[in-house]
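# Reading the structure
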Amino acid sequence: MRRKVLSVLVGIILLIALAGCGSKSQEDVIKALDEKMDEITSYQAEAKMTFQTGSKPQVYNVEIWYKHPAYYRVSLKNADKEQSQMILRNDEGVFVFTPALNKSFRFQSDWPKNSSQAYLYESLVKDILSDSKAKFKATKNHYVFETKTNYPNSNVVPTQEITLNKKDLSPVSVKVMDTDRKALLTVQFSKVEFNKKFDDDAFDTSKNMTGARLEVPTMAEAKDKAMEVMYPVQLPEGVKQIDEKEVASENGKRVIMTFGGEKTFTLVQEKAKVLPATSTPTLVNGEPVDLGFAIGTLTDKTLTWSYKGVDFTIASDDLTPEEMVMVARSVQGKAIK
C-alpha cells in the first residue's frame, strides 16, 4: 500500500516538474520578443482605443499599418467619423491629416520613436525590452508585462500593463495607468496580421490624402451655428480660470480664456476653417502628440488641435509640455450658462 501511495506521489511530482519545464520564464519571453522583432517585416492591426481623461470616455477605432523599416499609417476614427484623423510616415516625413477640414500638416519628426505608442507593437516590445524592472506573469493563454512608460507626460501615466498572446506574442491589450493605477487609456486589439503584404504605394502621401478625403465627407461651413464652448476639467495645482472674453473672428467668434495663479496660460477656441481640397500640407515646427480625441501639434510654448470643427490653442510661457498635454486632454467640459 505504501509503495502504491509513494508511486502516485512520485508521479505527481514528475508531472509538476514536467509542467514547469514547459512554461517560459520572463527571460525566455523577452528573448523570444527580441527575436520576433528581427523577423517581422510588416504588420496590420485593428484595435479599439478608449480614453478616460475627460468628462466621458472617448472611444476610437484604430487601424495600424507598419512596413519595415519606418513606414506607418495610423487611422483613427470615432463612431460617427466626426473626428477622423490619419498619421502617415514615409520618406517625405510625418504627416497628420484631418479630412473633414481638408487640413494636412507635415512634421520633421522622429515620431513614433520619441515616446511610447500604446497601439504600435514595436513600441510596446521596446518598452518591455528596455525596462529591466518590468514585472511579469503568465496566465493560461497570455503573458502579462507591467512596465514604465516613455511619454512626455510620463509622471501622470507612469505605468502600463501589456498583455500578449502566448501563441504568437501578438498584442491583446494595453492599459496605461496613472499614479493611482487607474487606466486612463486602454487599447483592445481585435486583429493582428504579421508580415502583411502591402501595395507598393500603400504609404504614398497623395494616395492617402485623397483616400481619407473620399472616406470622410468635408465638414460643411456653418457660420451661423453656435460654437459649443469647452472648458478644461483638469488644471495644474494652484491654477484657476481668471477671465473669459469673446471677440469677433472671420468664422464667427473667438473665445479667449485666461488662467492664472502659480502658472499662467491662455486657451483660445474658435470655429475651424475648412480649407480647399487642393491645399498642400503645411510644414510645422513641432511634434505630433496624441491627445486621445485628436492629434495635436506641440511646441515649447503652444499646443494646437482641432476637435469637432473647432480649433484650440493653448499658449504659455510657464506650462511644461507635460502640463499642456494634461490640460488639452481634459478640454471636454461643457459651458454651464
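Keep in mind that what you see is a predicted model, and the values were worked out from it rather than measured.

## Brief notes about the overall build of the chain
- Scanning the chain for helices and strands turns up 5 helices and 21 strands.
- Of all 337 residues assigned to the chain, the portion counted as buried reaches 48%.
- Summarising the internal contacts of the chain: among those between residues at least 6 apart in sequence, 54% fall at separations of at least 24.

## Considerations on the sheet that holds strand β5 (residues 93–98)
- The 12 strands are arranged β7-β8-β9-β10-β11-β1-β2-β3-β4-β5-β6-β16 in an open sheet whose pairing can be described as mixed. Either end of the sheet is taken by a strand with one partner, and the two such strands are β7 (135–138) and β16 (282–284). Ignoring strand direction, the axes of neighbouring strands in this sheet form an average angle of 15°.
- Where strand β2 (residues 58–67) meets strand β3 (residues 71–77), 7 bridges bridge the pair, whose relative direction is antiparallel. Residue pairing across strands places Lys67 opposite Tyr71, the latter belonging to β3.
- In the packing of helix α3 (residues 121–130) onto the sheet, contacts are made with β1 (42–51), β2, β3, β8 (142–148), β9 (159–165), β10 (171–177) and β11 (183–194), and the angle to β9 comes to roughly 115°.
- Here helix α4 (residues 205–215) sits on the sheet in contact with β3, β4 (84–90), β5 and β6 (103–107), set at roughly 170° to β4.

## Some words on the confidence of the model for the chain
- Within the chain, residue pLDDT values average 86, and 87% of them lie at 70 or more.
- Contacts of residues 5–21 to residues separated by more than four positions or lying in other chains number 0 contacts, the stretch itself having pLDDT below 50.

## Details of the environment of Gln160
- Position of Gln160 relative to the elements: it lies in strand β9.
- Separated by 36 residues in the primary sequence, Gln160 and Leu124 place their C-alpha atoms 9.5 Å from one another.
- When neighbours within four sequence positions are excluded, Gln160 is seen to be in contact with Ser116, Leu124, Asp127, Phe145, Glu146, Thr147, Lys148, Thr149, Val174, Lys175, Val176 and Met177.
- A polar contact of 2.8 Å, which involves the side chain of Gln160, links it to the side chain of Asp127.

## Quick word on the packing of aromatic side chains
- With the rule as written, the count across this model stands at 14 aromatic pairs.
- Centre to centre, the rings of Trp65 and Phe198 are 5.2 Å apart; their planes meet at 35°, and the pair counts as tilted. In this pair, Trp65 is assigned in strand β2 and Phe198 in the loop between β11 and α4, connecting sequence segments 133 residues apart.
- For Trp65, a relative accessible area of 18% puts it in the buried group.

## Quick word on the side chain of Gln269
- Within the secondary structure, Gln269 sits in strand β15 (residues 265–271).
- If sequence neighbours within four positions are ignored, Gln269 has contacts with Met227, Glu228, Val229, Met230, Lys253, Arg254, Val255, Met257, Val310, Asp311 and Phe312.

## A word on the packing of helix α2 (residues 26–39) against α3
- Two numbers describe how α2 lies on α3: the axes approach to 10 Å, and their chain directions differ by 140°. Handedness of the crossing formed by α2 with α3: left-handed. Of α3, the residues touching α2 (which contributes Ile30, Leu33, Asp34, Lys36 and Met37) are Tyr121, Glu122, Val125, Ile128 and Leu129.

## Quick notes on the sheet that holds strand β14 (residues 252–261)
- Read across the open sheet, the 7 strands follow the order β13-β14-β15-β20-β19-β18-β17; overall the sheet is antiparallel. Each edge of the sheet is formed by a strand with only one pairing partner; in this case those strands are β13 (239–249) and β17 (287–290). With strand direction ignored, the average angle separating the axes of adjacent strands in the sheet is 20°.
- As judged from the 6 bridges shared by strand β19 (residues 302–307) and strand β20 (residues 310–315), these two strands associate in the antiparallel manner. Across the sheet, the residue bridging to Leu303 is Ile314, located in β20.

## Quick notes on the nonpolar core
- Counting 72 residues, the largest nonpolar core has Leu303, Trp305 and Ile314 as the members making the most contacts within it.
- For Leu303, the residues in contact, after removing those within four places along its chain, are Val289, Leu291, Gly296, Thr297, Leu298, Phe312, Thr313, Ile314, Met324, Val325 and Ala328.
- The next biggest cluster of nonpolar side chains, apart from the first, holds 10 residues, and it includes Trp65, Leu88, Ala202 and Met209.

## Things to note about the pairing of β8
- In terms of burial, β8 is a largely internal element, 5 of the 7 residues being buried.
- As paired elements, β7 and β8 share 4 bridges and run antiparallel to each other. Note on β8: the bridge partner recorded for Lys135 is Glu146.
- Bridge count for β8 against β9 is 7 bridges, and the pairing is antiparallel. By the bridge assignment for β9, Val144 is matched with Thr163.

The rules behind the values
Residues numbered from 1 in each chain as written. Predicted model: local features only at pLDDT ≥ 70, side-chain atom pairs only at ≥ 80, totals over all residues. Heavy atoms only, no water. Helix = DSSP H or I, 4+ residues; strand = E, 2+ residues; numbered from the N terminus. Buried < 20%, exposed > 50% of the residue type's maximum accessible area, 1.4 Å probe, protein only. Contact = heavy atoms within 4.5 Å. Pairing = 2+ DSSP bridges. Axes fitted to C-alpha atoms, helices over the stretch in contact; angles between N-to-C directions. pLDDT = per-residue confidence, 0-100. Polar contact = N/O pair within 3.5 Å; in protein donor to acceptor, adjacent residues only side chain to side chain. Phe/Tyr/Trp six-rings, centres within 6.5 Å; stacked < 30°, edge-to-face > 60°. Left-handed = near helix turned anticlockwise from the far one by under 90°. Core = buried A, V, L, I, M, F, W, Y, C linked by side-chain atoms within 4.5 Å.

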